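Observations on the model geometry
Below are the chains, spelled out letter by letter.
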Amino acid sequence: MSKSNNKGISLIDVIIAVAVLSILISPIIHQVITTVDTSSKAKEKQYVIDDAEKVMEYFRSNSIKELSEKGYKGDDVVINDVTEGKATVFAWTYDSLADVTPGNFPLGASGFDYNYTDFELGTYDKATASISPYEILGRENNRYTRTVTIDDMNNVLLESNSRVLYCFKDSAYSDVVSELLDDGYEITSDGAAVKYDSNGHVNNIVCVKSDSTYTNPNSATPLITDIDSEKMAIIEGDASSIDNQFQEDFIANMMSIVMHKKKELEAQPYGNGQTMYDYYLDKDNLNDAFDDARQSNDFYRMIKLSVKAEDVVGGKPTRYRVKCEVYYKAQYTFIGESFGTDSDNEKFRYTVFDRTFHTAEPPDVFFIYEPFVKKTDASYYSYAGVDYILIESDSYTSGVYADYDPSKVYLIKADSSWAEEVVNKLNATAYDDGVARSISEDKKRNDSDLSGQKYYNYFYNVVGAVNYPVEININQIKNNSDSEALPLQIITNISWRPNDASNSGYVGDNTIINKGVYIGGTDYRQFNLDTTSDAFKPNPGIDTSSQSIVAYPNRTNDTHIDRIVFPTDTERTSVYAVDVPTSDTVEYGRLYSMTVKYHNEDRASEADVYTYFTGAKGAD
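Quick caveat, the model's predicted, so the values are computed rather than measured.

To continue, consider the confidence of the model for the protein. This prediction gives the protein a mean pLDDT of 78; 75% of its residues lie at or above 70. Mean pLDDT across the secondary structure elements of the protein bottoms out at helix α10 (residues 441-446), with 37, and peaks at strand β18 (residues 349-357), with 93. A low-confidence stretch, residues 427-455 stays under pLDDT 50, and its non-local contacts, those more than four residues away or across chains, total 61 contacts.

All right, on to the layout of surface pockets then. A volume near 740 Å³ is recorded for the second largest pocket. Together, 38 residues line the second largest pocket, and T149, Y196, G200, T595 and Y612 are the ones closest to its centre. For the lining of the second largest pocket, the secondary structure elements donating two or more residues are β2 (78-94), β3 (109-125), β6 (142-151), α3 (153-159), β9 (193-196), β10 (202-209), β35 (592-600) and β36 (610-617). With 6 residues, β35 is the single largest residue contributor to the lining of the second largest pocket. The residue inventory of the lining of the second largest pocket, partitioned by class, reads 15 nonpolar, 16 polar and 7 charged.

Once that is clear, we can look at a negative patch on the surface. On the surface, a cluster of negative charge is made up of D282, D284, D288 and D292. With respect to the element layout, D282 can be found in the loop between α7 (276-281) and α8 (283-294).

Within the largest apolar cluster, 65 residues are counted, with the highest numbers of intra-cluster contacts made by Y280 and F334. For this core, the element with the highest residue contribution is helix α5 (residues 238-260), accounting for 7 residues. Ignoring any residue separated from it by four or fewer positions in sequence, one finds F334 in contact with M254, I257, V258, Y280, L286 and A289. Membership of the second largest hydrophobic core comes to 21 residues, among which are L67, F119, V148 and F613.

To continue, consider the pairing of β35. The buried count for β35 comes to 7 of 9 residues, which makes it a mostly enclosed element. With 8 bridges connecting them, β6 and β35 associate as antiparallel partners. Its bridge partner lying in β35, Y144 is registered against N600. Bridge count for β35 against β36 is 8 bridges, and the pairing is antiparallel.

Another aspect to go through is unusual backbone geometry. Glycine aside, the phi torsion of most residues is negative, and most peptide linkages are trans. One non-glycine residue, N272, lies in the positive phi region at around 55°. Inspection of the secondary structure puts N272 in the loop between β12 (269-271) and β13 (274-275). One non-glycine residue, D311, adopts positive backbone phi at about 55°. Looking at the element boundaries, D311 is found in strand β14 (residues 299-313).

Conventions and cut-offs
Residues numbered from 1 in each chain as written. Predicted model: local features only at pLDDT ≥ 70, side-chain atom pairs only at ≥ 80, totals over all residues. Heavy atoms only, no water. pLDDT = per-residue confidence, 0-100. Helix = DSSP H or I, 4+ residues; strand = E, 2+ residues; numbered from the N terminus. Contact = heavy atoms within 4.5 Å. 1 Å grid on protein atoms, 1.4 Å probe; cavity = no way out; pocket = protein on both sides within 12 Å on 5 of 7 lines; lining within 4 Å. Points joined across faces, edges and corners; volume = space filled by probe spheres on them. Nonpolar A, V, L, I, M, F, W, Y, C, P; charged D, E, K, R; others polar. Patch = residues over 30% accessible without salt bridge, like charges linked within 9 Å, V, L, I, M, F, W, Y side chains within 5 Å. Areas by Shrake-Rupley, 256 points an atom, 1.4 Å probe, with all protein chains shown as cover. Salt bridge = Lys/Arg side-chain N within 4 Å of Asp/Glu carboxyl O. Lys, Arg positive; Asp, Glu negative; His and termini not counted. Charge placed at Lys NZ, Arg CZ, Asp CG, Glu CD. Core = buried A, V, L, I, M, F, W, Y, C linked by side-chain atoms within 4.5 Å. Buried < 20%, exposed > 50% of the residue type's maximum accessible area, 1.4 Å probe, protein only. Pairing = 2+ DSSP bridges.

Have a look at this one:
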């Protein structure tokens, strides 16, 4: 039998094996550590991204004015500090994209000032009821400082025919990027090449020339801030449709009178074996009687519009209510009985809009308006000669308090109105000189001598062969409990200034809104702002013990309608009580660039501790 030769493993063998294994496994361990670290950073960044999305959504959905109010805004946003200022950016501008090549850096730069607002965010500590400058994010509970910057730099550059280049993430420009990095530029996540000043604001940027004409939307006119039914009361067609409802209800009222006087009418022969009772049972005959009653200008309409705060807690409203009611007054005689007292007209009152708005700012009202359509037969194309509008506001909705931007009433004449549709069917109308002319869409908009445009933005009441502007009476409802409330400004495309250029101060250019009617040496404006005691005016149902009807700011002379003066806000100037859309601007703006910057305070020694997110802030 032979002996086995089993000496075991020597220490040298073990050392060699461990060394070989270390050499083999070291890259794997390094890869694992790198993968874990990369995964950890990716997860950490995802926490930041999730938080940034919440922050950016909040900033997109609130106005600059609301954002400028420091304090707790919810679990995701606490505004700790706000800084406003101006910065200068030097735009290094290529002539064209084809010029963006290595060694061809733009030789010169133009400097432009732009506005910025920095918002330093914090976190509200519920336990201590205090604000911390940090937000704790990620599994490692890293502390982040967060800054949101909103600026109009892009708008300023575009106005100056310079467009920011966002091409530097493209591999085709890698050689150019190397030159830019050597020159101290950074490449943003959206591919722009920028330098920052010590405050983190862009002070150098690479652009390309733009041949397109650009108007900064923050200063463009006309400007309606936000046509959004959740933020603005949009009243479209309701008031005019109520005119038809009034007609139906009025005829029903006439029928009730017929039924009440049945015996008397049955005793009155009409002919062909019929009585007057039989005659009025025919709806066509009752419609004729209705037309006879309203042809003599004894039917009137009043629109009452209320925009008021509700549930005021600690000096701050929690909601706003917009209500629009329509009242009619009919003075008439029918089958021997006269009507027209307030009690007669109680039944002709309608609510056309009543809604509560849970908005931070008082809502505006967008009102598609037409005067009272008093008569609707096929040959009739004029409105009633007089219409009445009452507007009620309070201190919160009318701008008495500087913290609340006042509501506005946009009183808008639609592109095509009832009367114009009738005129188009007739294909002619009589102008103020009594001459009938065709009105085509081209003539309304494009006739250089304005012979058609002159009449386009007026509502007319036809008297004989002459078209007179409808007299729109506008007054304010004042409440004794809120005597400081101001009138709401009316922005309208309805003409209200005369067009006689020979009078000093009258507007004589080609702006349609400023054209009026000058007939027989007398100027006829569309709006009448006074406390008229017209007996025909419908009763708006106000409580005379606590409310009164007062004049809107009236004309101080023949050149304009007087101003509303805001008593406590030194940053705003007074505004015309009735003004045109071209004067309707919003200074706090609509369109901005937005940058959110995160800084990891607990990993400050690392190179990559800043994270930027960029986007646009659209219409508030």
